[in-house]
Amino acid sequence: MNQKTLTKTPIVCLLTLICCFLWGSAFPSIKIGYQMFSVGSSDVAGQIVFAGIRFTLAGILVILIGSLASRKFLRPRRSSLLPIGALSLAQTIIQYFFFYIGMANTTGVKSSIIDAASTFFAILMASLVFRYEKLTRSKLIGCIVGFAGVVLINLAGGTMDLHLKINGEGFILIAALSYGLSSVLIKKFSVSEDPVMLSGWQFILGGLVLAAGGFLMGGRISGFTPASTLLLLYMAMISAVAYSLWGLLLKYNPVSRITVFGFMNPVFGVILSALLLGEDNQAFSLYGLAALVLVSVGIYLVNRRSSSAGSGS
């Protein structure tokens with residue numbers, strides 16, 4: 001797809017929603033994967049090994065598919081090594097290391113709400129730090145409305161207290177900051193680099209670092225069967241397809257126009273968890289419908305102004 005196609009509103013909406021659906025499917029897939037590979041809920045080292053293997057496979061898939069599509073091997077240039085390292089550190093290593101440890105020390109409700117703040121961080125960094133776009137009232141209101149939808153759909157599934165821990169909620173916040181930074185870095189580096197190549201090699205590097213770190217922490221996974229291996233490959237494909245599409249969209253569109261769709265991730269996660277895991281207390285209720293409406297309104301408010309500004313950075 002060329003730049004003109006990737007900036008059309010219907011195409012942007014379709015591709016970002018595909019990404020969010022894939023990321024949303026990761027929530028139940030991870031839970032099923034933990035069961036298949038005998039990774040306990042408190043086994044943080046095992047979870048990091050599991051994530052490392054998943055992202056290494058994702059990187060290999062991105063490079064293979066990207067190389068076939070472009071009819072040449074996506075080999076990084078020497079000038080690409082620094083962007084790959086920086087992206088890998090922000091998008092994979094720091095984000096998922098802190099996210100998995102934080103998840104083990106807080107509730108799913110809190111972690112989902114705090115992690116949704118990554119959309120705020122990405123837009124604030126793009127506007128106030130990197131100066132890629134203006135921070136308008138419409139963008140702020142849209143983010144607040146969308147975030148309210150995420151809060152609503154999570155609170156519908158359980159209570160939330162105000163007890164905070166550094167290695168719990170604090171680590172989830174660090175992960176959200178790291179992801180917000182990675183979105184802006186993709187925008188920055190894709191000016192001179194192929195975003196698909198960057199995505200593939202940063203996953204390979206980050207995945208290997210996570211797997212090695214988790215292994216040194218004592219993490220192990222077992223239970224490789226045809227079914228569990230297929231699930232692992234699907235999870236790798238989630239990251240491979242979603243992040244590659246996301247990177248291409250960020251290359252040609254304002255950061256806020258794309259990242260605001262991230263509020264759909266937990267909505268899809270809750271709906272798919274209801275269908276696959278039977279956790280239907282949140283999805284199919286008035287709370288779930290209200291949350292979907294709020295997130296949709298938030299996305300509309302941000303894109304109403306962004307679309308009129310075109311695809312410039």
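Here we summarise the structure given alongside this text. Just so it is clear, the structure is predicted and the values come from calculations on it, not from any experiment.

As for the layout of surface pockets
No. 1: In this structure, the second largest pocket encloses a volume near 370 Å³.
No. 2: Lining the second largest pocket are 17 residues; nearest its centre among them are Gly-66, Ala-69, Val-196, Ser-244 and Leu-248.
No. 3: Every element with two or more residues in the lining of the second largest pocket is listed here: helix H3 (44-70) and helix H10 (226-252).

Regarding the side chain of Asn-253
No. 1: Structurally, Asn-253 is set in the loop between H10 and helix H11 (255-259).
No. 2: There is a polar contact of 2.7 Å between the side chain of Asn-253 and the side chain of Arg-257.

Quick word on empty space enclosed by the protein
No. 1: Tallied over the entire structure, the rule returns one cavity of 30 Å³ or more.
No. 2: If you list the elements that add at least two residues to the lining of the largest cavity, you get helix H4 (81-103), helix H9 (195-216) and H10.
No. 3: With three residues, the top contributor of residues to the lining of the largest cavity is H9.

Points about the pattern of salt bridges
No. 1: Counting across every chain of the model gives two salt bridges.
No. 2: Arg-77 is the partner of Glu-193 in a salt bridge, and the nearest nitrogen-oxygen pair spans 3.1 Å. With Glu-193 in the loop between helix H8 (166-189) and H9 and Arg-77 in the loop between H3 and H4, this residue pair connects regions lying 116 residues apart in the sequence.
No. 3: Given the relative accessible area of 7%, Glu-193 is considered buried.

As for the packing of aromatic side chains
No. 1: Tallied over the full model, the rule gives 17 aromatic pairs.
No. 2: Residues Phe-73 and Trp-201 carry aromatic rings whose centres are separated by 6.3 Å and whose planes lie at 85° to one another, so their mutual orientation is edge-to-face. Here the residue Phe-73 occupies a position in the loop between H3 and H4, and Trp-201 occupies one in helix H9, the gap between them amounting to 128 residues.
No. 3: Considering the side-chain rings of Phe-130 and Tyr-132, the 5.8 Å spacing of their centres and the 20° angle between planes classify their relative orientation as stacked.

How each quantity is defined
Residues numbered from 1 in each chain as written. Predicted model: local features only at pLDDT ≥ 70, side-chain atom pairs only at ≥ 80, totals over all residues. Heavy atoms only, no water. 1 Å grid on protein atoms, 1.4 Å probe; cavity = no way out; pocket = protein on both sides within 12 Å on 5 of 7 lines; lining within 4 Å. Points joined across faces, edges and corners; volume = space filled by probe spheres on them. Helix = DSSP H or I, 4+ residues; strand = E, 2+ residues; numbered from the N terminus. Polar contact = N/O pair within 3.5 Å; in protein donor to acceptor, adjacent residues only side chain to side chain. Salt bridge = Lys/Arg side-chain N within 4 Å of Asp/Glu carboxyl O. Buried < 20%, exposed > 50% of the residue type's maximum accessible area, 1.4 Å probe, protein only. Phe/Tyr/Trp six-rings, centres within 6.5 Å; stacked < 30°, edge-to-face > 60°.

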